[in-house]
Amino acid sequence: MWIVEENAYQPIINIETFNKAQKILENRKHTRLRNREYLLKEITYCHNCGNKLTFITKREKYKDKKYERRYAICGTANKGKCIKQHNNYDKIEKEILDYIKKFAH
Ligand SMILES: [Zn+2]
């Protein structure tokens, strides 16, 4: 089991889903993922409660420029059952991909 450290709140990637992630990574060479697709969907879990993380895209404005930021949040946070904290999705994805790549070679 691998834990992504993101502030105090840590999403988990299960080692059982490791192969799945690797497969996605291979497919990625051939098909370009659209911005809205979340590579880590179904394979990341909340460190606090163990539920699947859900992903959202937020539009943000900074100095008259518009950005789209992706976040990973706990699936039960909206029901008040867990910590409501937004994790930088792209950062987590990059960390996990880097980690997987180490094993792929
Ligand atoms: Zn949770």
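Here the residue numbering is sequential within each chain, running from 1 through the sequence in written order. In keeping with the model being predicted, local features are shown solely for residues with a pLDDT of at least 70 and side-chain atom pairs are shown and tallied solely at 80 or more, while totals for entire chains, interfaces and linings include all residues.

1. Some remarks on the overall build of the protein chain
Defined as follows: Secondary structure elements follow DSSP: runs of H or I of four or more residues count as helices, runs of E of two or more count as strands, with numbering from the N terminus. Labels follow a simple rule on C-beta atoms placed from the backbone: if 20 or more others lie within 10 Å of a residue's own, it is buried; if 12 or fewer, it is exposed; otherwise it is partly exposed. Once C-beta atoms are placed from the backbone, any two residues with those atoms within 7 Å are in contact.
Of the regular secondary structure elements, the protein chain holds two helices and six strands. When the helices and strands of the protein chain are listed from N to C terminus, the series reads β-β-α-β-β-β-β-α. When each of the 105 residues of the protein chain is scored for burial, the buried share is 17%. Long-range contacts, defined here as pairs at least 24 residues apart, represent 49% of the contacts in the protein chain between residues at least 6 apart.

2. Description of the confidence of the model for the protein chain
What counts is decided by this rule: The quantity called pLDDT is the predictor's confidence in a given residue, expressed from 0 to 100.
For the protein chain, the average pLDDT comes to 75, and 71% of its residues sit at 70 or higher. Low pLDDT (under 50) marks residues 5–9, which in the prediction has eleven contacts with non-local residues, meaning those over four places away or in another chain.

3. Section: the nonpolar core
Applied cut-off: What makes a nonpolar core is a set of buried Ala, Val, Leu, Ile, Met, Phe, Trp, Tyr and Cys residues, with links drawn between C-beta atoms within 7 Å.
By size, the foremost hydrophobic cluster in this structure holds 13 residues, and its most contacted members are Leu-53, Ala-72 and Ile-92. Counting only elements with at least two residues in this core, the list comes to strand 4 (53–62), strand 5 (65–74) and helix 2 (89–104).

4. Considering the pairing of strand 5
If a strand is regular, its side chains alternate between the two faces of the sheet. Put simply, the rule reads: Pairing between two strands is assigned when DSSP locates at least 2 bridges connecting them.
Both strand 4 and strand 5 contribute to a ladder of ten bridges, which runs antiparallel. Paired with Lys-58 across the two strands is Arg-69, which belongs to strand 5. Where strand 4 folds back on strand 5, the antiparallel hairpin that results is connected by two residues, among which Lys-63 adopts a positive phi of roughly 50°. Across two bridges, strand 5 lies against strand 6 (residues 87–88) in antiparallel orientation. Following the sheet pairing, Tyr-71 is matched in strand 6 by Asn-88.

5. A few points about the sheet that holds strand 5
Strand order in this open sheet of three strands is 4-5-6, and the pairing throughout is antiparallel. Two strands close off the open sheet at either side, each with one partner strand: strand 4 and strand 6.

6. Digging into unusual backbone geometry
In the Ramachandran plot, Lys-63 falls in the positive-phi region, its phi being about 50° despite a non-glycine side chain. Given 4 C-beta atoms within a 10 Å radius, Lys-63 is considered exposed. Even without a glycine there, the phi angle at Asp-64 is positive, about 65°. Tracing the sequence through the fold places Asp-64 in the loop between strand 4 and strand 5.

7. Here's the deal with the environment of Phe-103
Position of Phe-103 among the secondary structure elements: in helix 2. Since 8 C-beta atoms lie within 10 Å of it, Phe-103 is described here as exposed. Note: C-alpha distance between Phe-103 and Gln-22 (81 residues apart in sequence) is 9.5 Å.

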